[in-house]
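# Reading the structure
What follows is the residue order along each chain.
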Amino acid sequence: MTRFMDEHFLLGTRAGRRLFNDHARGMPIFDFHCHLPVAQIAANHAFGSLTEAWLAGDHYKWRAMRARGVPERLITGNADEREKFRAWAETVPATVGNPLFHWTHLELLRYFGIESLLTERTGPEIFERASAALRTEPFRVRSLLQRMNVRVVCTTDDPVDDLASHSALAADASFPITVVPTFRPDEAGAVDDPRRFNAWVERLAQASGKPVDRWEDFLAALDQRHAAFHEAGCRASDHGLEEPYAEDCTPEEAARIYASVRAGAAPEAGEARAFKSAVLRELARMDFRRGWVQQLHLGAVRDINSAMRGRLGPNTGYDVIGTFSLARPLARYLDRLEGEGMLPKTILFCLNPADHAVLATIAGCFSAEGIRGKVQLGAAWWFNDQKQGMEDHLRTLTSMGLLANFVGMLTDSRSFLSFPRHEYFRRILCAMLGSAVEAGELPEDYDLLGGIVRDVCWNNAERYFGIPMKG
């Protein structure tokens, strides 16, 4: 009988095992989108317990625990760490079929060598063993990254953020991992809430050292921060959007809306969309001028439980898949930049898997000589980064685009224990190719297929992003 999570985990064919063991297993990790706190990397933080390292900020686990009726006190509240972990351990057996079941046990195995299933019975021993390890030098956050063969980490950073931690890491020759910021300017278009927008603009003025009185000043301040991020090694922007914004908006109209919002007036819905469109285009032009990659994360409807948002704040596990009309506005947005000769390399992510084919076919309409996959469908994201979601995504990407161009997987995580997700993806990739080999759909040519696997695991991302690397 096959043992759970043995060396052939997810690899049901001989060809798939060979592809994984000979080509994927040893490849380093290029994590080009995550939410790791860079200050903890700079400080080489030591976690006090497995609860701190594993449950803090993990919306996936929080949602599962809530679905089991676990009191919020044991999820995001002030309960004792052992109580919180016990609640999670009691939840894990109910996650069979959910990616959390696989991720949980793969992380316990890879970081701590723990092969036991996590249950209410085994929870106390696992908690004590893993927590004791985390308090030792070999389990500080820098060592956790090196343990998983991580070579590049791209954090997610607001344009107004202090880049001091990034500067310290770049100057630390003893730490071999390249850690760079990613420019996440979502607040630059958030004029729906004038108070929030204006508070952020004042922070932008402080961070850039520039005035922000007029629309032109606002763009100059954004560009100054864009340049500062570039100097810090950043080579990518990232935008969290419900849908693409591609309305017409002249500089004069943008200036009028900006002045009105700065005066405290809420824009009409059409004005807000026009302003968001103008900002998104200007940011894309900045990306193009500096040779960056633009990442568009589309289709998430956020914080739908208003009572819990009021209680816990935003980004606490109440986001859902949305349905939007993407094709025409996205095509219009990309086409306008292409027509100006200012379309940057672009990765398109969508939370709704029904839109993957739409994005893959749009991506195929915008190519450039000398660039592999200039515009491409991004990885199975968020609710899709599980076995079925990855398999469906890879089939769509492969049949409507070129798998050989794909820049690969990411963690999109706040946890330093999440990097086995790259192994999870690599096993699924190799299983898919291996099954096609054994079905006679692909040749048993390991130079050909192994080269594609290595490219998807590392080479494509290294070439595509062009991030200056340590060493």
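Everything discussed here concerns the structure shown above.
For the structure given in this document, a descriptive report is provided here. Computed from a predicted structure; not experimentally measured.

Generally speaking, nonpolar side chains in soluble globular proteins are found buried as a group. Membership of the largest hydrophobic core comes to 125 residues, with the highest contact counts inside it found for Leu50, Trp88, Phe112, Leu145 and Phe465. At ten residues, helix α19 (residues 446-465) tops the list of elements feeding residues into this core. Not counting chain neighbours up to four residues away, the residues in contact with Phe465 comprise Phe30, Phe32, Arg235, Ala236, Val293 and Ile347. Within the second largest apolar cluster, 31 residues are counted, among which are Val191, Ala221, Cys234 and Val261.

Turning to the sheet that holds strand β3 (residues 178-180), a few remarks are in order. Sheet strands pair by backbone hydrogen bonding; their relative direction is either parallel or antiparallel. Across the sheet, which stays open at both edges, the three strands sit in the order β1-β2-β3 with parallel pairing between neighbours. Each having just a single partner strand, β1 (29-31) and β3 make up the two edges of the open sheet. With direction set aside, neighbouring strand axes in the sheet form an average angle of 5°. Sheet topology places β1 next to strand β2 (residues 150-154); three bridges connect them, and they run parallel. Bridge pairing in β2 places Phe30 opposite Val152. With respect to the sheet, α19 is in contact with β1 and β2, its orientation differing from that of β1 by roughly 45°.

With that settled, consider the pattern of salt bridges. Tallied over the entire structure, the rule returns 30 salt bridges. Salt-bridge contacts for Lys61 lead to Asp58; the nearest nitrogen and oxygen are separated by 2.7 Å. You can call Asp58 buried: its relative accessible area is 8%. As a salt-bridge pair, Arg309 and Asp303 come within 2.9 Å of each other at their nearest N and O atoms. On the basis of relative accessibility, which here comes to 37%, the residue Arg309 falls in the partly exposed class. What makes Asp303 buried here is its relative accessible area of 15%.

Take the sheet that holds strand β4 (residues 236-241) next. On the basis of which strands lie adjacent, the open sheet formed by four strands has the order β4-β5-β8-β9 and parallel pairing. A single partner strand is all that each edge strand has here, and the edge strands are β4 and β9 (375-377). When the angles between neighbouring strand axes are averaged without regard to direction, this sheet yields 20°. With six bridges joining them, strand β5 (residues 293-298) and strand β8 (residues 345-350) adopt parallel strand pairing.

Another aspect to go through is the side chain of Arg142. Mapped onto the elements, Arg142 comes out in helix α8 (residues 141-147). Note on Arg142: relative accessible area 13%, which makes it buried. Contact partners of Arg142, with chain neighbours within four places excluded, come to Ile41, Ala42, Asn44, Leu169, Asp172, Phe175 and Ile177.

The subject of this paragraph is the packing of helix α16 (residues 356-363) against helix α17 (residues 387-400). Where α16 meets α17, the axes come as close as 10 Å, and the angle between the chain directions of the two elements is 30°. Considered as vectors, α16 and α17 are oriented roughly parallel to each other. Where α16 crosses over α17, the two elements pack in a sense that is right-handed. Contacts from His356, Ala357, Ala360 and Thr361 of α16 reach α17 at His393, Thr396 and Met400.

What follows covers the pairing of β2. Here is the key point about a regular strand: its side chains alternate between the two faces of the sheet. By the criterion of burial, β2 is predominantly enclosed, with four of the five residues buried. Where β2 meets β3, three bridges bridge the pair, whose relative direction is parallel. Within β3, the position partnered with Cys154 by the bridge is Val180.

What counts, and at which threshold
Residues numbered from 1 in each chain as written. Predicted model: local features only at pLDDT ≥ 70, side-chain atom pairs only at ≥ 80, totals over all residues. Heavy atoms only, no water. Core = buried A, V, L, I, M, F, W, Y, C linked by side-chain atoms within 4.5 Å. Buried < 20%, exposed > 50% of the residue type's maximum accessible area, 1.4 Å probe, protein only. Helix = DSSP H or I, 4+ residues; strand = E, 2+ residues; numbered from the N terminus. Contact = heavy atoms within 4.5 Å. Pairing = 2+ DSSP bridges. Axes fitted to C-alpha atoms, helices over the stretch in contact; angles between N-to-C directions. Salt bridge = Lys/Arg side-chain N within 4 Å of Asp/Glu carboxyl O. Parallel < 35°, antiparallel > 145°, perpendicular 65-115°, else oblique. Left-handed = near helix turned anticlockwise from the far one by under 90°.

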